[in-house]
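# Breakdown of the fold
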2 protein chains.
Amino acid sequence: MPSALILIADGTEEMEFTITYDTLVRAGVTCQSAFVHDDEFVSPVAAKGSRGIRIMPDVYFEPDASGPDKFDALIIPGGAKGAETIAKNSAVQALVREYLSQGKLVGMICAGSMAALTSGLPKQPLTSHPGVKNYLESDFSYSEDPVVVSNNLITSRGPAGTTFPFAFKLVELLCGLEKRNEVYGPMVFPPGTPW
Amino acid sequence: MPSALILIADGTEEMEFTITYDTLVRAGVTCQSAFVHDDEFVSPVAAKGSRGIRIMPDVYFEPDASGPDKFDALIIPGGAKGAETIAKNSAVQALVREYLSQGKLVGMICAGSMAALTSGLPKQPLTSHPGVKNYLESDFSYSEDPVVVSNNLITSRGPAGTTFPFAFKLVELLCGLEKRNEVYGPMVFPPGTPW
């Protein structure tokens, strides 16, 4: 069964976190959320999302337990403050490079795409929240597509509006198109939904 | 500023809860989540969602602090087990009737629409998760539209796929169409999204 590590921090966009985690679980992906914190960390019970929803992480982020030997995908949600905490974490940056070099998936959505820059990834197609486009467009081949697949780096615009197509692309890549369609049907999207 | 009370229980569909709460907060609605529990309640820190995400409620559900004198809307998300706990709670049932009789909004999505039946609401247009349609279709004018507005009872199919249009309809009714459009734009839905 494929597995995914989904990072979370104070200020993570809770829809981006929840839609991705939930949709992957529906596809049979074993998900673990890991709380990334900065130096002032004093063991909070939950991450406080960008709109105030408090989500309890499955574990606290430990680099040694977060590698591509343990998970098939590493996922970084957006939300300005949360994405900043995650993207500036040097252990996360090292993991991003390690997942990609070992052929595992890395997903970034919204401001989470800033981790591509802080991790020093080579120039390649990428998208992000429009608000951080100017930080990324000179170092990447910037796209405004809802979801961009660049080998095993999957990025999405967010905020929120592109999370479903992002999650379904991850399901497709981790579990196959048949599983994607099996999960999609029962979620009853309105007719004409473009994903 | 409008306000909404959003119920949550073990087994609540976490996307339905989170998308609704987050989108309403984006529109400036003051949201409070309240944990509805059954008799075996032993003060858990968080509600465990239908796909395992643990969400800390803002408060524990207290009928006396949950009335239409306190909030402009009462919202019941789906998720089979969570919706069952909420819908069978007699204090919730009384609140549903009270909100509607006082002209306040009641929103139900997915299996949350079962609360219309348990609250003894009169026959009117309604939708729900397809899986509970057979419990509802004889007592209501059952519709398969993504969102159904019947005076101040707003129902939505779910699961998950119709939560954005449900949340935007609530924003429109609580805050007006202009605010709805103001919140919609920055969420960057892919072109052609039918809501």
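Residues numbered from 1 in each chain as written. Chains lettered and ligands numbered in written order. Predicted model: local features only at pLDDT ≥ 70, side-chain atom pairs only at ≥ 80, totals over all residues. Heavy atoms only, no water.

## Things to note about the packing of helix H1 (residues 14-26) of chain B against helix H6 (residues 163-175) of chain B
The relative placement of two packed helices is expressed as an angle between their axes plus a distance between the axes. All names here are of chain B. Selection rule: Axes here mean lines fitted to C-alpha atoms, for a helix over just the part in contact, with angles spanning 0 to 180 degrees between N-to-C directions. The helix count covers DSSP runs of H or I at least four residues long, the strand count covers runs of E at least two residues long, and both are numbered beginning at the N terminus. For any pair of crossing helices, the crossing counts as left-handed if the nearer helix is rotated counterclockwise from the farther one by less than a right angle, and right-handed if it is rotated clockwise. Contacts are assigned to residue pairs with any non-hydrogen atoms lying within 4.5 Å of each other. Put simply, Ala, Val, Leu, Ile, Met, Phe, Trp, Tyr, Cys and Pro go in the nonpolar bin, Asp, Glu, Lys and Arg in the charged bin, and everything else, Gly too, in the polar bin.
Where H1 meets H6, the axes come as close as 9 Å, and the angle between the chain directions of the two elements is 35 degrees. Where H1 crosses over H6, the two elements pack in a sense that is right-handed. Of the residues in H6, those touching H1 at Met15, Glu16, Ile19, Thr20, Thr23 and Leu24 are Thr163, Phe164, Phe166, Ala167, Phe168, Leu170, Val171 and Leu174. When the residues that make up the contact of H1 with H6 are grouped by side-chain class, the tally is 10 nonpolar, three polar and one charged.

## Side note on the side chain of Arg157 of chain A
Our working definition: Whether a residue is buried, partly exposed or exposed follows from its accessible area with a 1.4 Å probe, protein chains only, as a fraction of its type maximum: under 20%, in between, or over 50%, in that order. Working convention for charge: Lys and Arg count positive, Asp and Glu count negative, and His plus the chain ends are omitted. In what follows, salt bridge is the name for a side-chain nitrogen of Lys or Arg lying within 4 Å of a carboxyl oxygen of Asp or Glu.
Relative to the assigned elements, Arg157 of chain A resides in the loop between strand S11 (153-156) and helix H6 (163-175). Buried Arg157 of chain A, no salt bridge; nearest opposite-charge side chain is Glu144 of chain A, N-O distance 4.2 Å. Apart from the residues lying within four places of it in its own chain, the contact partners of Arg157 of chain A are Ile109, Cys110, Thr127, Ser128, His129, Pro130, Glu144, Asp145, Pro146 and Thr162 of chain A together with Val188 of chain B.

## Description of empty space enclosed by the protein
Residues and elements named next belong to chain B. Defined as follows: Buriedness for pockets is judged along seven lines, at least five of which must meet protein on both sides within 12 Å for an open set on the 1 Å grid over protein atoms alone, while cavities are sets there where a 1.4 Å probe fits but cannot get out, and lining residues have an atom within 4 Å of a point. Grid points are joined across faces, edges and corners, and a volume is the space filled by probe spheres set on the points.
Enumeration according to the criterion identifies one cavity of 30 Å³ or more in this entry. The computed volume of the largest cavity comes to approximately 30 Å³. Forming the boundary of the largest cavity are Ile8, Ala9, Thr12, Glu14, Phe17, Ala47, Lys48, Gly49, Ile53 and Ile55. Residue assignment for the lining of the largest cavity shows that the elements contributing at least two residues are H1 and strand S3 (47-48). Among the residues making up the lining of the largest cavity, the classes are represented as six nonpolar, two polar and two charged.

## A few points about the side chain of Ser113 of chain A
Residue and element names in this part refer to chain A. Mapped onto the elements, Ser113 comes out in the loop between strand S7 (105-109) and helix H4 (114-118). By relative accessible area, Ser113 is classed as buried at 0%. Ser113 has contacts with Met108, Leu126, Thr127, Ser128, Leu136, Thr155 and Ser156, leaving out every residue within four places of it along the chain.

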